[in-house]
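Chain and residue survey
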Amino acid sequence: MHFPAHRSAATVRWLALGIAAALLGPLSCNATDATADGDLTAMSLSDLAKVEVTSVSKTNEVLQRAAATIYVISHDDIVRSGVTSVPEALRLAPNLLVTQSSASAYVISARGLGGNPTAQNFSNKLLILIDGRSVYTPLYSGIYADTIDVMLEDIDRIEVISGVGATLWGANAMNGVINIITRPSYLTKGSYADLGGGNQQQFGDGRYGAGVGDDGAVRVYGFGFHRGAMELADASGAGDGWSKGQAGFRSDWGLAQDTLTVQGDFYRATENVLNSLDGVLLGGNLLGRYEHHDSLSDLQVQAYIDQSEQLGPGGSSGFTVHTYDVSLQDALMLGSRNRIVWGGGERLYTYGITNETELLFVPASRDLTLANAFLQDTIALTGTVNAVLGMKAEDDPFSGWTPLPDARLSWAINDRMTTWAAASRGIRSPTPFDTDVQEKVGTEVFLHGNPDFRPEEVRALEIGTRAQPTDSLSFSIAGFHDHYDDLRTVEPNSATSFVPLYWGNMMRGNTFGIDSWASWQVTDWWRLSPGVTWVRERLTFSPGASGLLGTVQAGDDPGSHASLSSSMNLPHHLTLDAMLRYVGALPSPALPHYTELDTRLGWRMNRTVEFSLRGANLLHARHYELPAAAGEEITRSVIAEARCNF
Amino acid sequence: MMYGRRCEARMMLPRVMLLGLMALAAAFRGGLAAEAPSEDAVRAAYLYRFAGYVAWPDGAAADAPFVIDVMDSPAMARELRRILASHSINGRMTLVREVSRLQDVGNAQILYVAEGRAQLLRELRPQGRSALLLVTAEEGGLGDGSVINFLTVDSNVRFEVSLAAAERWGLKISADLLGVAVRVQGGHGQLG
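Parameters and conventions
- Residues numbered from 1 in each chain as written.
- Chains lettered and ligands numbered in written order.
- Predicted model: local features only at pLDDT ≥ 70, side-chain atom pairs only at ≥ 80, totals over all residues.
- Helix = DSSP H or I, 4+ residues; strand = E, 2+ residues; numbered from the N terminus.
- Buried ≥ 20, exposed ≤ 12 C-beta atoms within 10 Å, placed from the backbone.
- Contact = placed C-beta atoms within 7 Å.
- Pairing = 2+ DSSP bridges.
- Axes fitted to C-alpha atoms, helices over the stretch in contact; angles between N-to-C directions.
- Expected span 1.5 Å × (residues − 1).
- Arc of directions from axis to C-beta.
- Parallel < 35°, antiparallel > 145°, perpendicular 65-115°, else oblique.
- Left-handed = near helix turned anticlockwise from the far one by under 90°.
- Nonpolar A, V, L, I, M, F, W, Y, C, P; charged D, E, K, R; others polar.
- Core = buried A, V, L, I, M, F, W, Y, C linked by C-beta atoms within 7 Å.
- pLDDT = per-residue confidence, 0-100.

1. Notes on the overall build of chain B
What chain B contains, in helices and strands, is five helices and nine strands. Seen in sequence order, chain B has helices and strands lined up from the N terminus as α-α-β-β-α-β-β-β-β-β-α-β-α-β. By residue count, 46% of the 192 residues in chain B fall in the buried class. Taking the contacts inside chain B whose residues are at least 6 apart along the sequence as the reference set, 55% of them involve residues at least 24 apart.

See below:
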């Protein structure tokens, strides 16, 4: 078992180098392979539509002036990196930390407090939205990474906001918000197919899009993949391979000033479990969004339903969650200085849990209703200084109405530089895992949920600068100071009996740090993008707390993580992309720091077909990204892929 | 255990560096990568061509120059001047002006508004103005009142058209132009 696994890794390594050499080898010594424009003015409109343009890195102008830390992962970034899943794509954002714990599970966090699975504290302070649909689970506020697959080819961009985003996005947007935005269907007309495979995974995707009448367009897509098992400490298989099939559609209908979007996705996955029967994931969603734009206001009304079902091995445990959500948002100018965004929404979760014998939710089913209303005013104080004042009130079934205020100030020093500061409050609402859970040893309950559990709270101060000092260089740097209160702890039941333990809110403290990144267009054909995040955590227990599990239960976080991406356009329609990432050591359970490398070599044979070869985690045959108690060894992988647009 | 992993990383590094060096060598052997035109160059060519597919209502005197105002985009103004140095539009002389405020927008035929500035158009009304073909280059540009909005999709510069906005400004847009648009908003029976 041991030996063959090792050998296959070595073979893969040399195979990768061999293919890379074969692809690079035939490069001739000819100078440029000029597809240069000649005379653009002589071209017809339809020919102009086919001209390939250089995509020089640039900061989106709107984001350039936003008073928040925002990194945007573009469609191009995703394609050129060769990533095959949403969590891997999120790694491209330097302000996120993404660590893989098994073939299907990832931990995603921003600005620390990413949880500590060994203390049952899961990463639960980030919000992820896919086209406006929230995908965190209400059971514990975290993300099931195996349920958030999106057809990567159809993603327009991913906006990653680090810091509190509560006023517009609500509770759980405590340390960050991730908006995954897919392309409208009128931009995805035509057919697309890809097929890829390697030592770790095999996959195929297909999409067809077409116009419908004068005003509409629709696309349908489907994909399937199998991802192989990771490894245990002794290099034996972790038995956690999984397969998924997903299909969906999106249609957009444009009238004079109105747009109607209807989209949906449906999936089924099978997950292997070591020495046990398979688990199953089933899910689907349907979303409708109506937008009206005119010179006075931008109105958006959205509704969706979502069903997510997870069954443990053989169906012996699991849960089903139904979500029904409606929301309204309107943006309008009030006079010439005030831009108001107001709105509200209501969400109903109904869930049912098939309890395990030693991990129970009591009650096993609930209906949870959340409501919110918000108002935000962006005030143009001068031509270059904007103030943003916002307030959201959110009502959750466990803690009632909570105010989430936010104040921001931005100053566009010139066209190329913006400085901003912000103060805001965010919360993580209580969840059934905080209030209803019962954990048993045998028949004895040793941990009990706390019906009086309070929201975890953050009050954040941020200051940042974004600048593009030259056409080829841009950077963003933000410093933050977050004050946390009522973080979850484990407390003894009473002075006389230690067990059952229950959840308390007896930890608080500060984190501070820096999110920073830059983009340097070294030459026309080469871009380098470094990113560094640095976080310090100073947490303490409140007076009277048990101190059980230590303050590190809030987050087994590295003190820093960094990345360096290189993106090259080479002659002969070759592209070479690489990302080196460094993650600092984890304190407890301890894990040494590590550095890993992903690369992709792409070759556009013609307008229709592209071939690529990607290597992921190339520096080590296997490495841990979470301590052995919480994760498996992640193995090196190589994927060859063919993509076809026709 | 730990030692083993580190040791392996060290052995691995030279091969990785080799791969990197090979790629670099390839890049330099080939010289600079193919020089594709910039987005602005293609947008400027489109603007030049659009004039042939749009009918302005106020048939200006043939000897008056055809004016394109460019808001907040020196690069775009440069590309337009480069093209128009050797081309006329509809047989008329051309003039490219750079402006940075709405108040400075004069009696132009085309107003191009740089990325990120489209919101300014919300305050622009057709009343008391000559017909302006408003062109933007950002997501949601049509919502801000633009007539033609550029989008870059997979390294291609494409555009979408709002017939409602065209109508508001009294512009007629030919079906040939609409046929190339990725999307035409408010399309029924208004083809000019």
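2. A look at the sheet that holds strand 4 (residues 110–113) of chain B
Residues and elements named next belong to chain B. With mixed pairing, seven strands are arranged side by side in an open sheet as 3-2-4-5-6-7-9. The strands lining the two open edges of the sheet, one partner per strand, are strand 3 (94–99) and strand 9 (183–185). When strand polarity is set aside, the average angle formed by the axes of neighbouring strands in this sheet is 20 degrees. Contacting strand 2 (66–71), strand 4, strand 5 (133–136), strand 6 (148–153) and strand 7 (156–162), helix 2 (residues 39–50) runs over the sheet at an angle of about 40 degrees to strand 7. Sitting on the sheet, helix 3 (residues 74–84) is in contact with strand 2, strand 3 and strand 4, with an inclination near 170 degrees to strand 3.

3. Structural notes on helix 2 of chain B
In this model, helix 2 of chain B (twelve residues) spans 16 Å end to end at C-alpha, consistent with the 16 Å of a helix rising 1.5 Å per residue. By the burial criterion, the buried members of helix 2 of chain B are B:E39, B:D40, B:A41, B:V42, B:R43, B:A44, B:A45, B:Y46, B:L47, B:Y48, B:R49 and B:F50.

4. Side note on the sheet that holds strand 4 (residues 126–130) of chain A
Hydrogen bonds along the backbone pair up the strands of a sheet, which may run parallel or antiparallel. The sheet built from five strands is open, its strands ordered 1-6-7-4-5 (chain A) with mixed pairing. The open sheet has two free edges, formed respectively by strand 1 (69–74) and strand 5 (133–134) of chain A, since each of these has just one partner strand.

5. A closer look at the pairing of strand 24 (residues 456–470) of chain A
Residues and elements named next belong to chain A. Here strand 21 (residues 417–428) pairs with strand 24 via twelve bridges, running antiparallel. If you follow I427 over to strand 24, its bridge partner there is E457. For strand 24 and strand 25 (residues 473–491), the ladder comprises twelve bridges, and the chain directions are antiparallel. The partner of T465 across the bridge, within strand 25, is I477. Connecting strand 24 to the antiparallel partner strand 25 that follows it, the hairpin turn spans two residues.

6. Points about the pairing of strand 11 (residues 242–254) of chain A
Alignment of strand 10 (residues 216–227) of chain A against strand 11 of chain A, held across twelve bridges, turns out to be antiparallel. Note that in strand 11 of chain A the partner of A:Y221 across the bridge is A:G248.

7. Quick notes on helix 3 of chain B
Residues and elements named next belong to chain B. Buried residues of helix 3: M76, A77, E79, L80, I83 and L84, and no others. All buried residues of helix 3 project into a common sector of 165 degrees when viewed along the axis, lining one side. Contacts made by the buried residues of helix 3 are with helix 2, strand 2, strand 3 and strand 4.

8. Some thoughts on the environment of A:R339
Residue and element names in this part refer to chain A. For R339, the location among the structural elements is in strand 16 (residues 338–354). Judged by the 20 C-beta atoms lying within 10 Å of it, R339 falls in the buried class. Residues R339 and D557, spaced 218 residues apart in sequence, show a C-alpha to C-alpha distance of 39 Å. Once residues lying within four places of it in the same chain are set aside, the contact partners of R339 are A331, M333 and T378.

9. Considerations on unusual backbone geometry
All names here are of chain A. V362 connects to P363 through a cis peptide bond whose omega is 5 degrees. Structurally, the position occupied by P363 is in the loop between strand 17 (359–361) and strand 18 (365–380). Here the bond from S588 into P589 is cis, since omega is -5 degrees, no more than 30 degrees from zero. Positive phi is not limited to glycine here, since A235 has a value of about 70 degrees. Position of A235 relative to the elements: it lies in the loop between strand 10 and strand 11. In this structure, L549 is a non-glycine residue whose phi angle is positive, near 70 degrees. Take L549: it is sitting in the loop between strand 27 (526–541) and strand 28 (560–570).

10. Comments concerning the packing of helix 2 of chain B against helix 3 of chain B
All names here are of chain B. The geometry of helix 2 relative to helix 3 is characterised by a closest axis approach of 9 Å and an angle of 55 degrees between their N-to-C directions. Considered as vectors, helix 2 and helix 3 are oriented oblique to each other. Between helix 2 and helix 3 the crossing geometry is right-handed. Within the contact between the two elements, helix 2 uses D40, A41, R43, A44, A45, L47 and Y48 and helix 3 uses A75, M76, E79, L80 and I83. Of the residues that constitute the contact of helix 2 with helix 3, the class distribution is nine nonpolar, no polar and three charged.

11. Concerning the nonpolar core
What tends to happen in soluble globular proteins is that the nonpolar side chains get buried as a cluster. A:A89 and A:L90 are the most contacted members of the largest nonpolar core, which totals 66 residues. Apart from the residues lying within four places of it in its own chain, the contact partners of A:L90 are A:L96, A:V98, A:I108, A:I158 and A:I178. If you look at the next biggest cluster of nonpolar residues, it comprises 59 residues, including B:L80, B:L84, B:A114 and B:L142.

12. Points about the environment of A:A145
Residue and element names in this part refer to chain A. Relative to the helices and strands, A145 resides in the loop between strand 5 and strand 6 (155–162). The class for A145 is buried, based on 23 C-beta atoms found within 10 Å. For the pair A145 and I108, spaced 37 residues apart in sequence, the C-alpha to C-alpha distance is 8.8 Å. Contacts of A145, omitting those with residues within four sequence positions, involve P87, S104, A105 and Y106.

13. Section: the confidence of the model for chain B
Residues and elements named next belong to chain B. Residues at a pLDDT of 70 or more form 77% of chain B, whose mean pLDDT is 79. Here residues 28–34 is a poorly scored stretch, pLDDT under 50, and it has 22 contacts once near neighbours within four places are set aside; other chains count. In this model, residues 188–192 is a region of pLDDT below 50 whose contacts with residues beyond four sequence positions or in other chains number nine contacts. Scored as a complex, the prediction yields pTM 0.86 and ipTM 0.79.

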